[in-house]
Amino acid sequence: TSRQLPVRDFASRVIAVPGDLAKPLLGLTEQRFNELAERIDVIYHNGALVNFVYPYSMLKSANVLGTTEVLTLACRHHAKPLHYVSTLSVFEGRVGAPVPEETIPEANAGMTNGYSQSKWVAERIVMLARSRGLPVAIHRPGRITGHSATGVTNLHDMFSTFVRACIDVEAVPEVSGLDQFYVDATPVDYVSQAIVRLGLTGEALGRAFHLCQPHPPTFADLIHDMREFGITLDEVPYDQWRTKLIKLAKTADHHELAVLLPGMPTEVPDAIHSSRQWLCDATVDTLAKHGVTCPPFKGEVFATNLAFFASRNPVPSRDA
């Protein structure tokens, strides 16, 4: 209900089976595991321990070994199609041209985040199962943002926390290149519709899909939309903005902002920019045939997310 989903419409069709990704047989008894293996016809594996601070060693059990248990479930009794939800972070640290969907993620020294490492290992294991005959589709989402129609979003992820920081500091860092810094922001309803629709088509098996924003907004676009929404946002030098953030994060009401600090360098960047790291043309073309398109995350869509944000957190403005 907190996500404004019509739970009553499908509650009778959902049977929850408590388990644990980090335990053998997913935390189930051998009998229960075998019963599920005989009964189910397709698996959507979207479970993971998501933490950008934990090292690989703390994420391996749930994200890697948990995936091997899911593969066991997929192969036991009869082969079941597996839709594995990976992440575009499996390409973390890669340099060069944007990568299309069929690219196999390779190990590289630039992948330093434990979560990315655990998902990379898990995806390569899934690819190995695919090479041995298991019907598999791999879905790689990017940054998932709020619902394009309702605005419902995760208020505690990194993107929302950064938006909250800018609102509370009442400023954005003054850095050159904000109009060239692209933000992958993909509405959750597009990602979910895409996975469901692709799951209903046999053409998805054996392929990988990039569920990212085909037309990413720039950081400057988002700043403009926030101001249009009525949010006070001055531009201050980066070091001054970071100092204000540190001071604010020490207060009881804003301690959650501290999670941003490890990603905020002490050095003042002269300029920032980014380019599309991933291509999603084949994914977009496939989904378009099934009537699924990705709403651009700016203008009205971002405003809808900001409205939900404001309904849960007071948003200061110049007119207040």
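Remember, predicted model here, so these are calculated numbers, not experimental data.

Visitor: Residue-level account of the pairing of strand 2 (residues 82-85), with values.
Guide: A two-sided burial pattern is seen for strand 2, the buried positions comprising Leu82 and Tyr84 on one face and His83 and Val85 on the other. As for the winding sense of the linkage, the β-α-β connection from strand 1 (residues 43-45) through helix 3 (residues 56-75) to strand 2 is right-handed. In the sheet, strand 2 pairs with strand 3 (residues 136-141) via four bridges, with the strands oriented parallel. Residue histidine 83 lies in a different strand from strand 3, and its bridge partner there is alanine 137. Crossover connection from strand 2 via helix 4 (residues 114-131) to parallel strand 3: handedness right-handed.

Visitor: An account of the packing of aromatic side chains is requested, with residue identities and associated values reported.
Guide: The relative placement of two aromatic rings is captured by the distance of their centres and the angle of their planes. Scanning the entire structure with this criterion turns up five aromatic pairs. Arranged with centres 5.7 Å apart and planes meeting at 50°, the rings of phenylalanine 162 and phenylalanine 219 form a pair that is tilted. Remark: phenylalanine 219 occurs in helix 7 (residues 219-228) and phenylalanine 162 occurs in helix 5 (residues 158-169); sequence separation between them is 57 residues. One exposure class covers both phenylalanine 162 and phenylalanine 219, and it is buried. Taken together, the ring pairs in this structure connect Phe159, Phe297 and Phe302 into an aromatic cluster.

Visitor: Lay out the nonpolar core with the relevant residues and their values.
Guide: The biggest cluster of nonpolar side chains holds 33 residues, and the ones touching the most others in it are Met226 and Trp241. Secondary structure elements with two or more residues in this core: helix 5, strand 5 (171-174), helix 7, helix 8 (238-249) and helix 10 (300-312). The leading source of residues in this core is helix 5, at seven residues. When residues no more than four places from it in sequence are discounted, the contact partners of tryptophan 241 are Phe162, Ala165, Cys166, Val169, Ala171, Val172, Pro173, Val236 and Met264.

Visitor: So what's going on with empty space enclosed by the protein? Which residues, and what values?
Guide: Under the definition given, this model contains one cavity of 30 Å³ or more. Approximately 80 Å³ is the volume found for the largest cavity. Among the elements of the structure, helix 5 and helix 10 are those that each provide at least two residues to the lining of the largest cavity. The element that contributes the greatest number of residues to the lining of the largest cavity is helix 10, accounting for four residues. Here the residues of the lining of the largest cavity are counted per class, giving six nonpolar, five polar and no charged.

Conventions we followed
Residues numbered from 1 in each chain as written. Predicted model: local features only at pLDDT ≥ 70, side-chain atom pairs only at ≥ 80, totals over all residues. Heavy atoms only, no water. Buried < 20%, exposed > 50% of the residue type's maximum accessible area, 1.4 Å probe, protein only. Helix = DSSP H or I, 4+ residues; strand = E, 2+ residues; numbered from the N terminus. Right-handed = clockwise from strand over helix to strand, strands pointing away. Pairing = 2+ DSSP bridges. Phe/Tyr/Trp six-rings, centres within 6.5 Å; stacked < 30°, edge-to-face > 60°. Core = buried A, V, L, I, M, F, W, Y, C linked by side-chain atoms within 4.5 Å. Contact = heavy atoms within 4.5 Å. 1 Å grid on protein atoms, 1.4 Å probe; cavity = no way out; pocket = protein on both sides within 12 Å on 5 of 7 lines; lining within 4 Å. Points joined across faces, edges and corners; volume = space filled by probe spheres on them. Nonpolar A, V, L, I, M, F, W, Y, C, P; charged D, E, K, R; others polar.

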